[in-house]
Amino acid sequence: MRDFSYLRVDSVEAARNAAALPGAMLLAGGTTLIDLAKCGVAEPATVIDISYIEGLNAIDVTADRAVIGALAKMSHVADNAEVKSHFPAVSEALWQAASAQLRNMATIGGNLMQRTRCPYFRDPQNFPACNKREPGSGCSAIGGVTRGHAVLGTSEACIATYPGDLAIALVAFDAEVDLGERKLKVEDFFLAPGATAEREHDIRPGEVITAIEIPGSAAARRSTYLKVRDRQSYEFAAASAAVGLELEGDGRTIRDIRVAVGGVATKPWRAREVEDALKGKPLDEATVRKASELAMESAVDHGANHYKIALAPRVIARAILQLGETA
Amino acid sequence: MTSQTIIDPPEDGHFRNGQASNGSAPSPTTLSIHLTINGRDHALDIEPRVTLLDALRERLHLTGTKKGCDHGQCGACTVHVDGERVLACLTLAAQVEGRSITTIEGLADEDGTLHAVQAAFLEQDAFQCGYCTPGQIMSAVACIREGHAGSDEEIREYMAGNLCRCGAYPHIVAAVRQAAEGLRS
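Residues numbered from 1 in each chain as written. Chains lettered and ligands numbered in written order. Predicted model: local features only at pLDDT ≥ 70, side-chain atom pairs only at ≥ 80, totals over all residues.

Participant: Run through the overall build of chain A, naming residues and quoting values.
Facilitator: Along chain A, the regular secondary structure elements total 13 helices and twelve strands. Computed over the C-alpha atoms, the radius of gyration of chain A is 19 Å, within 12% of the 20 Å expected from 2.2 N^0.38 for a compact globule of 327 residues. Principal-axis analysis of the C-alpha atoms places the extent of chain A at approximately 60 × 45 × 35 Å. Counting every position in chain A, which comprises 327 residues, the buried fraction comes to 57%. Considering only intrachain contacts with a sequence separation of at least 6, the fraction spanning at least 24 residues in chain A is 64%. (Helix = DSSP H or I, 4+ residues; strand = E, 2+ residues; numbered from the N terminus. Rg over C-alpha atoms; globule rule 2.2 N^0.38 Å. Buried ≥ 20, exposed ≤ 12 C-beta atoms within 10 Å, placed from the backbone. Contact = placed C-beta atoms within 7 Å.)

Participant: Which residues make up the overall build of chain B, and what are the values?
Facilitator: Along chain B, the regular secondary structure elements total five helices and seven strands. Put simply, chain B runs from its N terminus to its C terminus through helices and strands in the order β-β-β-β-α-β-β-β-α-α-α-α. Here chain B holds 185 residues, and 44% of them are scored as buried. In chain B, the proportion of contacts linking residues at least 24 apart, taken out of those at least 6 apart, comes to 53%.

Participant: How would you sum up the nonpolar core? Please name residues and give values.
Facilitator: Grouped together as the largest cluster of nonpolar side chains are 167 residues, with contacts concentrated most on A:Ile48, A:Ala169, A:Val261, A:Ile316 and B:Val176. Apart from residues no more than four positions distant in its own chain, A:Ile48 is found in contact with A:Leu7, A:Val9, A:Ala15, A:Ala18, A:Ala19, A:Ala24, A:Met25, A:Leu26 and A:Leu27. (Core = buried A, V, L, I, M, F, W, Y, C linked by C-beta atoms within 7 Å.)

Participant: So, the domain arrangement of chain B: which residues are in play, and what are the values?
Facilitator: Residue and element names in this part refer to chain B. Considered domain by domain, chain B is made up of domain 1 (3-106) and domain 2 (116-184). Facing 13 residues of domain 1, the contacting portion of domain 2 comprises eleven residues. Every element with two or more residues in the side of domain 1 that touches domain 2 is listed here: strand S5 (78-81) and strand S6 (84-87). Along the lines of polarity and charge, the residues of the side of domain 1 that touches domain 2 split into five nonpolar, five polar and three charged. (Domains from an automatic or database assignment. Nonpolar A, V, L, I, M, F, W, Y, C, P; charged D, E, K, R; others polar.)

Participant: How would you sum up unusual backbone geometry? Please name residues and give values.
Facilitator: With phi around 60°, A:Asp174 is a residue other than glycine that occupies positive phi space. Within the secondary structure layout, A:Asp174 lies in the loop between helix H8 (166-172) and strand S6 (176-178). For A:Asp174, a count of 17 C-beta atoms within 10 Å translates into the label partly exposed. Positive phi values are uncommon outside glycine, yet B:Asp82 reaches one of about 50°. Given 12 C-beta atoms within 10 Å, B:Asp82 falls into the exposed group.

Participant: Before we move on, could you go through the sheet that holds strand S2 (residues 24-27) of chain A and cite the residues and values that matter?
Facilitator: Residue and element names in this part refer to chain A. In spatial order, the strands read S1-S3-S2; together these three strands make up an open sheet with parallel pairing. The open sheet has two free edges, formed respectively by strand S1 (5-8) and S2, since each of these has just one partner strand. On average, each strand axis in the sheet is tilted by 25° relative to the strand beside it, whichever way the strands run. Packed onto the sheet, helix H1 (residues 12-19) meets S1, S2 and strand S3 (46-49) and runs at close to 145° relative to S2. (Pairing = 2+ DSSP bridges. Axes fitted to C-alpha atoms, helices over the stretch in contact; angles between N-to-C directions.)

Participant: Which residues make up the interface of chain B and chain A, and what values do they have?
Facilitator: How big an interface is tends to be stated in terms of accessible area lost as the parts join. With 37 residues of chain B at the contact, the number on the chain A side is 30 residues. Sorting the residues of the side of chain B that touches chain A by element identifies strand S1 (14-16), S6, helix H3 (133-146) and helix H4 (152-158) of chain B as the ones contributing at least two each. For the side of chain B that touches chain A, the leading source of residues is S6(B), giving four residues. Its residues assigned to classes, the side of chain B that touches chain A comprises 16 nonpolar, twelve polar and nine charged.

Participant: Please give an account of the sheet that holds strand S5 (residues 65-69) of chain A that cites residues and values.
Facilitator: Residues and elements named next belong to chain A. The five strands are arranged S4-S5-S8-S6-S7 in an open sheet whose pairing can be described as antiparallel. Each end of this open sheet is capped by a strand with a single partner; those strands are strand S4 (59-61) and strand S7 (183-185). If you compare each strand with its neighbour and ignore which way they point, the axes differ by 15° on average. Pairing geometry for S6 and S7, over three bridges, is antiparallel. Across the sheet, Val 177 pairs through a bridge with Leu 184, a residue of S7.

Participant: Got a sec to walk through the pairing of S3(A)? Specific residues and values, please.
Facilitator: All names here are of chain A. With burial as the criterion, each face of S3 is covered, one bearing Thr 46 and Ile 48 and the other bearing Val 47 and Asp 49. Bridging between S1 and S3 involves four bridges; their strand directions are parallel. Residue pairing across strands places Tyr 6 opposite Val 47, the latter belonging to S3. Where S2 lies against S3, four bridges are found, and the strand directions are parallel. Each bridged residue has a counterpart across the sheet, and for Met 25 the counterpart in S3 is Val 47. One crossover worth recording links S2 to the parallel S3 by way of helix H2 (residues 33-39), and it is right-handed. (Right-handed = clockwise from strand over helix to strand, strands pointing away.)

Participant: Help me get a handle on the confidence of the model for chain B, residues and values and all.
Facilitator: Should the pLDDT be low somewhere, the predicted coordinates at that spot are not to be read in detail. Residues and elements named next belong to chain B. With 85% of its residues at a pLDDT of 70 or more, chain B has an overall mean of 89. Ignoring residues within four places in sequence, the model shows residues 1-26, a span with pLDDT below 50, making 48 contacts including any to other chains. The ipTM assigned to the predicted complex is 0.96, against a pTM of 0.94. (pLDDT = per-residue confidence, 0-100.)

Participant: Give me the lowdown on the domain arrangement of chain A, citing residues and values where you can.
Facilitator: We note that the domain assignment places domain 1 (5-49) and domain 2 (218-325) within chain A. Relative to domain 2 of chain A, the C-alpha centre of domain 1 of chain A lies at a distance of 36 Å.

Participant: I'd like to hear about the environment of B:His61, residue by residue, with values.
Facilitator: In this structure, B:His61 sits in the loop between helix H1 (52-59) and S5. Each C-alpha atom of the pair B:His61 and B:Ile137 lies 19 Å from the other, and the pair is 76 residues apart in sequence.

Participant: Which residues make up helix H12 (residues 285-293) of chain A, and what values go with them?
Facilitator: All names here are of chain A. Restricting attention to buried positions, one finds in H12 the residues Val 288, Ala 291 and Ser 292. Summarising the axial view, the buried residues of H12 lie within an arc of 100°, below the 170-degree limit, and thus occupy one face. Residues of H12 that are buried sit in contact with helix H11 (272-278) and helix H13 (307-325). (Arc of directions from axis to C-beta.)

Here it is, written out as C-alpha cells:
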C-alpha cells in the first residue's frame, strides 16, 4: 500500500473542503478503500477520515419516511426495530451482506460509494487492462472468466457487476441520497458504465453524502430481499431481488409492486417492466413467473454468466410469491 | 495524535497530515497517536497507512491477533472496538484513536480465569491448528453479546465471517452454543 497523508475532520463542512482536493479520498468504514489500497487499485494522496464527525449516524424512522445518517453502521440499521418493521427489505439486504465484522465497520454512505468491482479490477499486476482503473486501456473481463459478471447494463468498456445489496432495496423504494446542495434518486446516483466505466456515481468533487431518505409505503412495509448465492452466507449474489407488494382489498389483485434486481447488472437495477406487467393483475404463480421473465429482456451474456438470465426471473418470482403468502 | 490535526482545511492548498503546506504536494509523515488496548494506553509513532493489525503485531507485539488474508475475507484479525467486532486488517490504527480496543490477550480475567467462550472452545475441541481461533473467539464473544446466537442456524450465519481451513465448524458452533447458554443462565 502506497503511503498517504491522513487528515481527520470533525465537520461536514471540513469534509467537503477536504474532499475537493486533488487525490483526496474520504475514509468512513474503510472496508473497500483499505482493501483496494492494498491491491494497488486505490492510491489516495490524502485520506480524509470522516468517521469522527458527530451527529451523522442517526437512524430516524417513521411510517412515512426513513432518514438514515451517512455514518450509521450497516449492522445498526439492519438491527433497527423500526427499519425491520417499516422497511423489512432494507434490513434483510443489510444483514445478508458481507460479514458481521464488516457490517460493524461499513457505513451507509460508504456502502453507496463502494466500487463496482470485478476480480480483474482488483488485480492490476496481472491484468493491466481495465477501463475503470485506466480509461481506454480495455476490459480484461470480456473474453475472460465471466461467471460473476453482469448481463444487464453492460457496455464494451465494462461488464463488472454492481456488488452491493442495500442499494437494490433502495432503488426499489425510490430512496434518495442527500448530498447537501443536491438530492438525487439513488437510481440516478448510480451510473451504468457506458463509455466512462471509471465513473460509477453522479457525485462531484467536494460533495459528501450526509444521509439517505426512503419514503414509506405499503409496498415497503410488505417487502423482502431474496439473495441467491454460491454459498449460503458471506458471498455476493448470483442473483437477488428486492420486492415490495401491496394488494387490493380483495387480497389477490396487485395494487402496487416494486421490483429491483442485484447480482446481474452493472448498477442497482429497477425492473419496471415486471412492475408494469403485474399492476392490476391477480397474484398467481403463472402470471408472476411470466412477468418476471420481462426483467431479462435486454440481457446480454458473456458466456459463463449465461445462467443469470435464467436464474434472475426465478429469484424475482420466488420473492413475489413468498411475499404473497405472508399476511 | 494531537488535537491540531482536527482542523478546518483551507479553501485550497495541501495537507501534511493536518498541517497546510503551501505549494508542494502532500507527503506522508509520521503520526503520533495513542491507542487504548486492553485498558492500557500506548503511544505510537506510525505511518498513516499502518493498519491496526500491523500496529498490534509488529509494534506492540500483541501477536494473538492473527494475519490471515489481510483483505477482510477470513476474520483471523477480529478484535473489538468499543465492544463491537471489527477487522483489524482493514482498520487504520489512526482511525481508532480514543476508542477502546480489546484483543484476545485482554479477554481472560487478570488472574488467568478464561472467558466463558475460551473455556467452551477448549471443552468442545473447537479447533485443530488454532490459527483462526483468536478471531473465532473474539467474533463469538460479540456474536453472543449482540443476541445473534439464538440457534445453530443463527450462529452459523453470524459467524460466517470467520473461516476455518481445518473445518472445525461443527465444534465451533457447539462451543458458541454452549457459551451462549452458559452466559444466559
